[in-house]
Amino acid sequence: MSEVSQAEIAPGKDLYIRVLFALLYASFMFYLLGGALRGVSALSLAEVVTQMELGDFVSRGLVLDLLFFLAALLVVHLIWAYVVVVSGFSGQRLSAHRGFRALFILFVLVLHLTAIVALNSRWYPTSLTAYLRHSGLTDTLPLTLLWLSVLVLFLIGAALGRRRHRIGAGVLLTLLAGATLLSMRPLAGQSPQAQPNVIIIGIDGLRPDQLAYRGAQPSLAPRINGFLDKALRYDRSYTPMARTHVAWMSLLTGQYPKSHGVRFNLAPPELFSRPLPLLERFNQRGYHSVYAMDERRFNNIDTDYGFAQVVGPKVGAADALITGFADLPIINVMLNFAWARHWWPYLYNNRAYGKAYSATTFNHSTLKALSPTQPNLLSVHYCLLHWPFTSKEFVALEPQDWQGNYQSYMYRQMLRLMDRQFGQFMDGLRAQGYLDNALVVLFSDHGEGLGLPSDGLHSSDPALNELAKGLRGHGTSVLTQPQSDVLMSYARFQNGKPVDAPATLQGTFSLVDIAPALSRDAGLEPDARFEGVALPLRPAQVPNRRTVFVESSLYSHALTQSHIDHNQVLEEAAGRYEVRPSGRVVYKQDNYVALIAQKQLAAYSEGWQLVSHPGREDFLLVELATGELTDAAPTALSGTPERLRLAACNFYREELHRRGPLCPTETSLATAGGEQAED
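Residues numbered from 1 in each chain as written. Predicted model: local features only at pLDDT ≥ 70, side-chain atom pairs only at ≥ 80, totals over all residues. Heavy atoms only, no water.

**Topic: the state of the cysteines**
Enumeration according to the criterion identifies one disulfide in this entry. The disulfide bridge from C649 ends at C663, spanning 2.0 Å between sulfur atoms. A torsion of -85° about the S-S bond marks the disulfide between C649 and C663 as left-handed. Within this pair, whereas C649 is found in helix α22 (residues 639-651), its partner C663 is found in the loop between α23 (653-657) and α24 (666-678), the two being separated by 14 residues in sequence. A residue is classified by how much of its surface remains accessible, and C663, at 23% relative accessible area, is partly exposed. (Disulfide = S-S within 2.5 Å. Helix = DSSP H or I, 4+ residues; strand = E, 2+ residues; numbered from the N terminus. Buried < 20%, exposed > 50% of the residue type's maximum accessible area, 1.4 Å probe, protein only.)

In C-alpha cells form, the structure reads like this:
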C-alpha cells in the first residue's frame, strides 16, 4: 500500500474525538435511561447529600476512590474509541466517498453498542441497561455473530492501518487474552494436613424457621438442609447483636459486644484491641487466615484485624456512590472477567451491586485464596439473602408462595439462590481436599424480621401492644425474636464426611460459643478471654441454666418499612457516621457512648427472655414457648426470671444502673454473680 493511500485511511484526531464523545454520550444516556426505569432521579443522591454535614463525608480517600473510578471509566472509553476507529479502517477501501466513510464509522459504532448491550442483556438480565433481554439478539447464534463481526472488523482494520495500529491491536489483544487465561488457571488441591482446616461459613439473615430442622419445607434449601442433616444443630442459638460486623466480632473474639468494644456496625477501630483472640491463636499455629465477604458496606473486617488475606469488594464510602452509578453495559461485561477486580475494585464480587454479582465467581475467588500447603482458617460470609433481595437473575414466579408480603416472598426466592451457592461452595471444598480434615461451622449472623404474623408477640396488657409488634429488618428490636434467633451448626470432617452423629441439641447457645469450640477441637489451650462455652458434641454436655445476652442496635424507621427507601435510610444514618481520611466509613466516636444508652438489653435462659427497654421503669418478660409479653417489676420476679434479672444486672451493671432502680445492691449482685458462676 502506498504512503498516500495509508494516509487516506489513517484516522484523524477529530474522528477519534468524535467517536470518543459519542461513546461517552451513549454511556451517559444509558445511565439516565436506567434511572428513569428505576423511577429515581439521577440527582436524588445529591439531593440527600446537600442536607448532610459534608465535612463528615468528604475525605482524601473518598475523593481518590471516586477519581480512580472516573479515570478507569474514561480509560475504558478511550480504548473503546480506539477499537471503533481502527475497526472503521476495514470499510475505507470500499469507497473513497467521505459520506460513505462517515456512515461506515457510524455502522461500526452502532454494531459495538448493540453487541455490548446484547451481551450485557444475556449475562445480566436484571440490569437496568439490559434493553435487549427479550430480543433474539441475546440468543447464542446471533450474539456470537455480533461479536465475531466486532472482532473481524477490528482485525481487518488493524491490518489495513499503519504499523502503529497493528502494534496497538496486537498489544491490546495479547493483554486481554493473557489476563483472561491467567485468571482461568485451575484450583490446586490441598496436600494432607496434620492440623484441621477451620471453615466458618456465615449466611447473612438466615432464619432458622426457614429450614427443615425447624419444620420448613426441605425443598426450599436442599443443600443447606442436607448439611444440617449430618451436623450438630444448636437450638436455640442467639446472636449477641443482630448486625453483621458486631456478630462477627463476637464470633472471632468469643466475647460479647460489651467486652470486645464493638457495639455498632463500623465501630471506630481505636475502640477495640487487635489482633482478635481466635485469629491470634490460629495464626501462631501456622494457619493461613482468610476473610471472604461479598458485601462490605457495614463490615470493615480485613487484614488489619489479623487476617492474612481478604476476598471481596474494596471497603470504603465510595461503595455506595459507585454502585449507584455503575450500571453501564461496558462495566457489567468487564465484571465477568477476573482481571476486572483491579479495574473496578468496588464492583467486583460485590453483592451490593446485585445486578452484576456472580455467586460462582465469588466462590471461585474464595477457594483460590485458600492455601494448598498450609492449614486454613477461612471465615466466609454470604450476603445474597440480605436486603434488597436482588440478583443478576430473575426469580421464578411461584404464585402459590405469594401471601401478600413482598419481603417474605423475595426472601424465600433468594434463599433458593443462596442454597445453590452454598452447595456449590461445599462441592468445591470437597473436590480440592479441604474437607479431608476440617472443622466446619455453618451459622447466620442474625435473622430477619419479615413482617409475618409469627414475628410478633402478644400481650394481655394493651399498653404493651405496640412493643409486641414484630418489626421488619434486623437489629432494631430484641423483642422481635426472628431478628436474634440464628442458625448455628457444627460438623467435624474426615475424608470429606462428617464424623459426629447428627443431632439437634436443645439448650441456650450464643455465637460466642464458636471460638471456644474451635479452639478445643484444634487442640489449643483454653483462652481466659473467651466468654462463651465450647459447643457441646452430645446432649449430655449441654450446660444447664445457661444465660446468654443479646443487645439491639438503634431503631430505624426507614429499615422497618415493607419497601425501604435508600434516601431515607441515608438521611437517618448520616449523622451517626463519618468518613476517615482513608475513605472508610466509621461510627462517630462522639456519638458512640451516648447512643449505647438507647440500646435494648436482653438475657435469655430456659425458655425465658428478660428485656430492659430504654425509657421504661420496669423490665419486660417474654415466655418464649407462648410468645406472651408482660411487664415485669423487679420485685415481682422469681425463679428463672429472677435469676435472669440478677444475671443481666451483673453483666450490664453500668448500663442498667443509669436506667433507674432495676437492679439490687452491689452486695446482692456480688452474691448472685458467684451463684451464677457455680451454675
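That was the structure; now back to the text.
**Comments concerning the pattern of salt bridges**
A full pass over the atoms with the stated rule returns 28 salt bridges. The residue D485 makes a salt bridge to R236 at a minimum N-O spacing of 3.6 Å. Taken together, the residues D485 in strand β7 (residues 485-486) and R236 in strand β2 (residues 232-238) connect sequence positions 249 residues apart. A relative accessible area of 9% places D485 in the buried class. With its nearest N and O atoms 2.9 Å apart, the salt bridge here joins R645 to E642. Separated by three residues within a single helix, R645 and E642 lie in helix α22, roughly one turn from each other. Both residues of the pair, R645 and E642, belong to the buried class. Linked by salt bridges that have partners in common, R214, D235, R236 and D485 make up one network. (Salt bridge = Lys/Arg side-chain N within 4 Å of Asp/Glu carboxyl O.)

**Things to note about unusual backbone geometry**
Cis geometry is found at the peptide bond from D235 to R236, where omega equals 10°. Not every positive phi belongs to a glycine, and F389 is a case in point at roughly 55°. Within the secondary structure, F389 sits in the loop between β5 (376-382) and α16 (406-431). F389 gets classed as buried once you look at its relative accessible area, which sits at 3%. Positive phi, normally seen in glycine, also occurs at E606, with a value near 45°. Its place among the elements puts E606 in the loop between β14 (601-605) and β15 (608-612).

**Observations concerning helix α19 (residues 514-521)**
Most of α19 is tucked away, with seven of its eight residues classed as buried. Listed in full, the buried residues belonging to α19 are I514, A515, P516, A517, L518, S519 and D521. Turning to α19, the residues buried within the fold contact β1 (197-203), α9 (244-253), α11 (277-284), β6 (437-443), β8 (488-494) and β10 (503-510). Directly after α19, the chain includes G523, whose backbone phi takes a positive value near 85°. (Contact = heavy atoms within 4.5 Å.)

**Looking at the environment of G473**
Tracing the chain through its elements places G473 in the loop between α17 (465-468) and α18 (481-484). Counting along the chain gives 22 residues from G473 to G451, while the straight-line C-alpha distance between them is 8.7 Å.

**Some remarks on a nonpolar patch on the surface**
Taken together, L141, L145, L148, L151, L155 and L173 make up a surface patch of nonpolar side chains, about 520 Å² in accessible area. Top contributing element to the nonpolar patch by residue count: helix α6 (residues 140-160), with five residues. Note that L155 resides in helix α6. (Patch = residues over 30% accessible without salt bridge, like charges linked within 9 Å, V, L, I, M, F, W, Y side chains within 5 Å. Areas by Shrake-Rupley, 256 points an atom, 1.4 Å probe, with all protein chains shown as cover.)

**With respect to the nonpolar core**
If you look at the biggest cluster of nonpolar residues, it comprises 113 residues, and the most contacted ones within it are I200, I331, L335, W344 and L518. Beyond its immediate chain neighbours, meaning those up to four positions away, I331 contacts F69, L73, A326, W344 and L347. (Core = buried A, V, L, I, M, F, W, Y, C linked by side-chain atoms within 4.5 Å.)

**Quick notes on the environment of T480**
On the secondary structure map, T480 appears in the loop between α17 and α18. Counting along the chain gives 31 residues from T480 to G449, while the straight-line C-alpha distance between them is 7.0 Å. Dropping the residues within four chain positions of it, T480 is found in contact with D455, K469, G470 and L471. A distance of 2.9 Å separates a polar atom in the side chain of T480 from the backbone nitrogen of L471. (Polar contact = N/O pair within 3.5 Å; in protein donor to acceptor, adjacent residues only side chain to side chain.)

**So, the layout of surface pockets**
Gaps left between atoms show up when a probe the size of a water molecule is rolled over them. By volume, the second largest pocket is sized at about 980 Å³. Here the lining of the second largest pocket gets five residues from one element, more than from any other, and that element is helix α7 (residues 163-183). The residue inventory of the lining of the second largest pocket, partitioned by class, reads 22 nonpolar, one polar and no charged. (1 Å grid on protein atoms, 1.4 Å probe; cavity = no way out; pocket = protein on both sides within 12 Å on 5 of 7 lines; lining within 4 Å. Points joined across faces, edges and corners; volume = space filled by probe spheres on them. Nonpolar A, V, L, I, M, F, W, Y, C, P; charged D, E, K, R; others polar.)

**Description of the sheet that holds strand β17 (residues 628-632)**
An order of β11-β14-β15-β16-β17 is seen for the five strands of this open sheet, with the pairing classed as antiparallel. Strand pairing shows two members of the sheet lacking a second neighbour, β11 (548-551) and β17, which therefore form its edges. Going across the sheet, the axis of each strand differs from the next one's by a mean of 25°, ignoring polarity. Sheet strands in contact with α22 are β11, β14, β15 and β16 (619-623), and its direction is about 45° off that of β15. (Pairing = 2+ DSSP bridges. Axes fitted to C-alpha atoms, helices over the stretch in contact; angles between N-to-C directions.)

**As for α7**
With 21 residues, α7 should cover 30 Å at 1.5 Å per step; its first-to-last C-alpha distance of 30 Å lies within 8% of that length. Taken residue by residue, α7 has H165, A169, T180 and S183 as its buried positions. All buried residues of α7 fall inside an arc of 90° around its axis, so they share one side. Away from its buried face, by an angle of more than 90 degrees, α7 presents the exposed residues R163, T174, L175, L181 and L182. Check the buried side of α7 and you find it contacts α4 (60-88), α6 and α15 (359-369). (Expected span 1.5 Å × (residues − 1). Arc of directions from axis to C-beta.)

**A word on the pairing of β5**
Counting buried residues in β5 gives seven out of seven residues, a clear majority hidden from the surface. Of the strand pairs in this sheet, β1 and β5 are connected by six bridges, and their pairing is parallel. When the bridges of β5 are listed, I199 appears paired with L378. Here strand β3 (residues 288-293) pairs with β5 via six bridges, running parallel. In the sheet register, Y291 faces β5, and the bridge partner there is S379.

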